[in-house]
Amino acid sequence: MTMRPIRIIGDPVLRTPSEPVTSFDAELRALVQDLMDTLLGAPGRAGVAAPQIGVNAQVFVYDADGHRGHLINPTLELSEERQDDDEGCLSIPGLYFPTERAMHATARGFDQHGQPLTIAGSGFLARALQHETDHLHGRLYVDTLRGDARRRALREIRAGRFDSPSRGR
């Protein structure tokens, strides 16, 4: 089991759009395994994207609403219907803010062997797919916040008022 450290806000890799995966080889399968080990290595985690462990590749793993897996080079189709719930991020540990997302999402990409893969979900799974895909584009959930929630989030981040990553979220 290789549980990799999570990069924290301020690390430039979190703001860098990830490169598409072009080689579906043993190195990619090892990355997927490291991501899954990192995801499952601490309680309360719903997903981990490659940039969060310092790798510039369009790969993420998820474990949400009874669905567990990985996706490479994802594209999203989102519903018009919206949901608004608290969201957090391993890269901004301990902070949670109401974040609007699409209620339904369909993610298309590839598995670690290069086979086409489609994952469709609603509610929390849809939220996780959107959150992890955002990481691959150099975006964090706080970038989507508006108004008072955004001001509070930025104030907390500037003050460094988030938990240590060792706290497990």
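Note that the coordinates shown come from a computational prediction; the quantities given were computed from them, not determined experimentally.

1. Here's the deal with the UniProt feature "binding site: Fe cation" (unreviewed entry) in the protein
In this numbering, the UniProt entry assigns the feature "binding site: Fe cation" (unreviewed entry) to C89, H131 and H135. In terms of the greatest pairwise C-alpha distance, the residues named above, spread along 47 residues, form a tight cluster of at most 10.1 Å across. With respect to the secondary-structure elements, C89 resides in strand β4 (residues 82-89). When you line up the elements, H135 lands in helix α2 (residues 123-136). Owing to a relative accessible area of 1%, H135 belongs among the buried residues under this scheme.

2. A few points about α2
Taking 1.5 Å of rise per residue, 14 residues should cover 20 Å, and α2 covers 21 Å from first to last C-alpha, within 8% of that figure. With 13 of its 14 residues buried, α2 lies for the most part within the structure. Looking one or two residues beyond α2, the residue adopting positive phi is G138, at roughly 80 degrees.

Reading the values: the criteria
Residues numbered from 1 in each chain as written. Predicted model: local features only at pLDDT ≥ 70, side-chain atom pairs only at ≥ 80, totals over all residues. Heavy atoms only, no water. UniProt positions renumbered as here; feature names shortened; annotations may be inferred. Helix = DSSP H or I, 4+ residues; strand = E, 2+ residues; numbered from the N terminus. Buried < 20%, exposed > 50% of the residue type's maximum accessible area, 1.4 Å probe, protein only. Expected span 1.5 Å × (residues − 1).

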